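# Architecture and fold: a report
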Amino acid sequence: MHEFESFLLRILLQLVVIIAAARCGAWVFGKIGQPQVVGEIAAGLLLGPSVLGQLAPDFVSFVFPNDTAIVFRSLSELGLMLLMFLIGTEFDFSHLKNVGRISVGVATMGIALPFALGIVVALWMHPQVAADVNRTGFVLIIAVALSITAIPILGRIMIELDIHRSRLGTLTITAAAIDDALGWILLAAVSTMIHGDFELVAILRMFLLTLLFVAGCWLLARFGFRKAHGYLLDADSGELNVGGLSVILISIFFAAAATNAIGIFSIFGPFVLGAMLSDQLRLTEAVKQRLQVIVYTLFLPIFFTFTGLRTNIGLLDSWSQWLMCGVLVLAATFGKMSGCGLAAKLGGLSWRASGCVALMMNTRALMGLIAINVGRDIGVIPDSVFCMLVIMALVTTFITTPLLRRLLGTGATRQQVLEG
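These figures come from a predicted structure and were not determined experimentally.

Take the pattern of salt bridges next. Under the defined criterion, the tally for this structure stands at seven salt bridges. Note that lysine 336 and aspartate 179 form a salt bridge whose closest N and O atoms lie 2.9 Å from each other. With lysine 336 in helix α16 (residues 319–346) and aspartate 179 in helix α10 (residues 167–195), this residue pair connects regions lying 157 residues apart in the sequence. Each member of the pair, lysine 336 as well as aspartate 179, is classed as buried. A salt bridge links glutamate 285 to lysine 288; the nearest nitrogen and oxygen atoms lie 3.3 Å apart. Taken together, the positions of glutamate 285 and lysine 288, both in helix α15 (residues 281–310) and three residues apart, correspond to about one turn of that helix.

Here it is in structure tokens:
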């Protein structure tokens, strides 16, 4: 009993430190004009070996001992499952039918160009820093990590700058939604290929099982949840009742278990389920009211801290590795911004408005970190490259808000930009 209480004490101390650090980081970064979630990410990294581990190694080893790592990895994964379900519910797939050609062009170029550049950069990096891992898996994960856009973070940035209801904001968030959907399809496909050891029969089997899973989620959403609103939601308030929340959680975790059993990552199942429910607005709003607060205040800081504990900038101990890190950041930024910016300009937007679209689409943060962690868990991203990719995800997010404020301008100029 004494041993368990000691173990529990460490877990409780970790939760205190993680939540307090997340709130402090959010407050500090909010004061300098960054979205609060950026501060939460930075706080998670500060708690890891890159900063606090250098300044107070005894404190870090006491608060974050190795024997508790499995607990926080499990909590991190559970949090990601809930988060991916919530993100799935945010997708409005009606845009895919009605959206203008500009959004489609921005999304397509925003995937294609950074993906191509990612392949080139990864092929150059592989023999130098990842020669002992599968080259195809390494190259594909790098390409996907460079291609993805962080729609939850982008949405927060738009709301804080009050541009989410403008023509430019609608165009960009629609392009980001399409971009993210394509990005997650790519990540799922890459995960399937890696888990199938690039054997055609194994890949086809996993692909077919995935299609069956998607069809099952569609049937459940259409004929299960749609008919169960009366049981899931309170008749008077419209809120999700205890029984309804239980059904939602069972469905989320069953979807995660299904994709895990298929051989692709657990987080894809909840995302697909959430996306299939995205048009049931009454239900999804009730679910968000129940889940969002706990996911964003507890589970997300745990994920950021877990990522921070896995990131050790000290591993980049040579100029050549820092050069590679710089090349990754440049390739990610140039690929995403030039692709999206050019597509926006060809679609008829002004140069200034096209630049704003390019900047916003370059935001990676949370979604980039998820993709990077998937690559590391699969075993195709070495620790040093993991660190480089975390830096890439953070830099591309940190630059968005200050540069976007400057590019938007003020007064009449701002209004002209927001109208495209």
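What follows picks up the thread again.
Our focus in this paragraph is the packing of aromatic side chains. Considering all chains together, one arrives at three aromatic pairs under this definition. Measuring from ring centre to ring centre gives 6.1 Å for tryptophan 218 and phenylalanine 223, while their planes differ by 80°; the resulting arrangement is edge-to-face. Arranged with centres 5.9 Å apart and planes meeting at 55°, the rings of phenylalanine 303 and phenylalanine 304 form a pair that is tilted. Classification of phenylalanine 303 by relative accessible area gives buried; the value is 1%. Directly above the aromatic system of phenylalanine 386 lies the positively charged group of arginine 376, at a separation of 5.4 Å from the ring centroid.

Quick look at helix α14 (residues 268–276) now. Each full turn of the α-helix corresponds to 3.6 residues, which orients residues three or four apart in the same direction. With respect to burial, α14 is a largely interior element, nine of its nine residues being buried. Taken together, the buried positions of α14 are Phe268, Gly269, Pro270, Phe271, Val272, Leu273, Gly274, Ala275 and Met276.

The N-to-C vectors of α16 and helix α17 (residues 351–361) enclose an angle of 140°; their axes lie 8 Å apart at closest approach. Note that α16 runs across α17; the crossing there is right-handed. The residues of α17 that touch α16, namely those facing Lys336, Met337, Cys340, Gly341, Ala344 and Lys345, are Trp351, Ser354, Val357, Ala358, Leu359 and Met361. Looking at side-chain class alone, the contact of α16 with α17 contains eight nonpolar, two polar and two charged residues.

All right, on to the nonpolar core then. Residues Phe138, Trp184, Ile370 and Leu389 are the most contacted members of the largest nonpolar core, which totals 128 residues. Tallying contributions element by element places α10 first for this core, with 11 residues. Excluding anything up to four places from it in sequence, phenylalanine 138 contacts Ala122, Met125, His126, Ala130, Val133, Val380, Ile381, Pro382 and Val385. Of all hydrophobic cores here, the second largest spans 11 residues; its members include Ala21, Ala43, Leu47 and Ile302.

We now examine the environment of isoleucine 267. Mapped onto the secondary structure, isoleucine 267 falls in the loop between α13 (242–262) and α14. Residues contacting isoleucine 267, with those up to four places away along its chain left out, are Glu77, Leu80, Met81, Met84, Trp184, Ile370 and Val374.

Here we come to the environment of phenylalanine 7. Inspection of the secondary structure puts phenylalanine 7 in helix α1 (residues 2–31). What makes phenylalanine 7 partly exposed here is its relative accessible area of 28%. Along the primary structure phenylalanine 7 and threonine 68 are separated by 61 residues, whereas in three dimensions their C-alpha atoms are 7.7 Å apart. With residues up to four places along the chain from it excluded, the contact list for phenylalanine 7 reads Asp67, Thr68 and Val71.

This part takes up the side chain of histidine 126. Here histidine 126 shows up in helix α7 (residues 101–129). Taking the relative accessible area as the measure of exposure, histidine 126 reaches 8% and is therefore buried. If we ignore the near neighbours within four places in the chain, the residues touching histidine 126 are Ala131, Val133, Asn134, Arg135 and Phe138.

Right, let's talk about the packing of helix α5 (residues 69–90) against α14 for a bit. Contact geometry for α5 and α14: axes closest at 6 Å, N-to-C directions at 25°. Classified by the angle their axes make, α5 and α14 are roughly parallel. Note that α5 runs across α14; the crossing there is right-handed. Each of Met81, Met84, Phe85, Ile87, Gly88 and Thr89 in α5 lies in contact with α14, whose residues at this interface are Pro270, Phe271, Leu273, Gly274 and Ala275. Each residue belonging to the contact of α5 with α14 can be placed in one class, and the counts come to eight nonpolar, three polar and no charged.

The rules we used
- Residues numbered from 1 in each chain as written.
- Predicted model: local features only at pLDDT ≥ 70, side-chain atom pairs only at ≥ 80, totals over all residues.
- Heavy atoms only, no water.
- Salt bridge = Lys/Arg side-chain N within 4 Å of Asp/Glu carboxyl O.
- Helix = DSSP H or I, 4+ residues; strand = E, 2+ residues; numbered from the N terminus.
- Buried < 20%, exposed > 50% of the residue type's maximum accessible area, 1.4 Å probe, protein only.
- Phe/Tyr/Trp six-rings, centres within 6.5 Å; stacked < 30°, edge-to-face > 60°.
- Lys NZ or Arg CZ within 6 Å of the ring centre and 35° of its normal.
- Axes fitted to C-alpha atoms, helices over the stretch in contact; angles between N-to-C directions.
- Left-handed = near helix turned anticlockwise from the far one by under 90°.
- Contact = heavy atoms within 4.5 Å.
- Nonpolar A, V, L, I, M, F, W, Y, C, P; charged D, E, K, R; others polar.
- Core = buried A, V, L, I, M, F, W, Y, C linked by side-chain atoms within 4.5 Å.
- Parallel < 35°, antiparallel > 145°, perpendicular 65-115°, else oblique.

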